[in-house]
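# Overview (structure and organization)
Spelled out, the chains give:
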Amino acid sequence: MLQYRQVRNVKNAFIERIEENPIIASVKNDEGLKLCLTTDVGVVFILYGDLCSLPTIVRQVRESGRLAIVHVDLIAGLSSDEAAIDYIKNVAHADGIITTKHNLIVYGKKVGLYTIHRYFVLDSLALKNIEKQTKTKVHPDLIEVLPGVIVPKLFRKITSISEVPVMAGGLITEKEDVINALKNGVIAVSTTNQSIWFM
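Residues numbered from 1 in each chain as written. Predicted model: local features only at pLDDT ≥ 70, side-chain atom pairs only at ≥ 80, totals over all residues. Heavy atoms only, no water.

### Considering the confidence of the model for the chain
With 94% of its residues at a pLDDT of at least 70, the chain reaches an overall mean of 91. Residue range residues 1–10 is modelled with pLDDT below 50. Its contacts to residues more than four positions away, or to other chains, number 15 contacts. (pLDDT = per-residue confidence, 0-100. Contact = heavy atoms within 4.5 Å.)

Structure follows, in structure tokens:
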């Protein structure tokens, strides 16, 4: 726990932005994008698009004063290699990435993008993978744990073994889900549930 607190004491602008408004809009279509730009959210996770549409989506998010974070694994036409990250940074001009792939986190950090490593916590092996990540030299800015409605003791366990801040995502549909996550150690929640964006 001490190491996690030491890392948190040296917060970057990304973490500070998230802590200002811990609700993150995850958008999966143009209608959701349009709606999220009417909210107070400061960070938008882009979960849709392709090579042709991504630069326009990112531009709309950034022009609204929000940070645009692209889920690499969900953009049609992107591969799982460094060229995809170069495209996101140099062509789409996004602020950061989300991915389940460690090698993309490493390269994303190298080129100066904010990075979020997404984990699906389905069993004890997933917890071991999170713990193993903390022993590597390259840490993402955040880890995102899915589903975001796991029991409180698991949130506490994950935040105790992670050296970087933790957020929750997936299946968050009610205010109680948000409160539960935030009360048990995570710094933010991401959701496609549009009613939560207006909390």
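### Looking at the packing of aromatic side chains
Counted under the stated rule, the structure contains one aromatic pair. Seen in terms of ring centroids, Phe14 and Tyr114 are 4.5 Å apart; in terms of plane orientation they differ by 10 degrees. Their pairing is stacked. Of the two residues, Phe14 is situated in helix 2 (residues 13–20) and Tyr114 in strand 5 (residues 114–120); the sequence distance between them amounts to 100 residues. (Phe/Tyr/Trp six-rings, centres within 6.5 Å; stacked < 30°, edge-to-face > 60°. Helix = DSSP H or I, 4+ residues; strand = E, 2+ residues; numbered from the N terminus.)

### Here we look at the packing of helix 5 (residues 82–90) against helix 6 (residues 102–110)
It is at 9 Å that the axes of helix 5 and helix 6 come closest, and there the two elements cross at 40 degrees. Between helix 5 and helix 6, the angle is such that the two are oblique. With respect to the hand of their crossing, helix 5 and helix 6 are arranged in right-handed fashion. In this structure, helix 5 contributes Glu82, Ile85 and Asp86 to the contact, and helix 6 contributes Leu104, Tyr107 and Gly108. Residues that form the contact of helix 5 with helix 6 fall into these classes: three nonpolar, one polar and two charged. (Axes fitted to C-alpha atoms, helices over the stretch in contact; angles between N-to-C directions. Parallel < 35°, antiparallel > 145°, perpendicular 65-115°, else oblique. Left-handed = near helix turned anticlockwise from the far one by under 90°. Nonpolar A, V, L, I, M, F, W, Y, C, P; charged D, E, K, R; others polar.)

### Notes on the side chain of Asp177
With respect to the helices and strands, the residue Asp177 is situated in helix 9 (residues 175–183). Excluding residues within four positions of it along the chain, Asp177 makes contact with Val149, Leu171 and Ile172.

### Some points on the nonpolar core
Ranked by size, the top nonpolar core spans 48 residues in total, and within it Val27, Ile46, Leu54, Val58, Val70, Ile88 and Ile158 carry the most contacts. Ile15, Val43, Leu67 and Ile116 belong to the second-largest nonpolar core, a separate cluster that totals 15 residues. (Core = buried A, V, L, I, M, F, W, Y, C linked by side-chain atoms within 4.5 Å. Buried < 20%, exposed > 50% of the residue type's maximum accessible area, 1.4 Å probe, protein only.)

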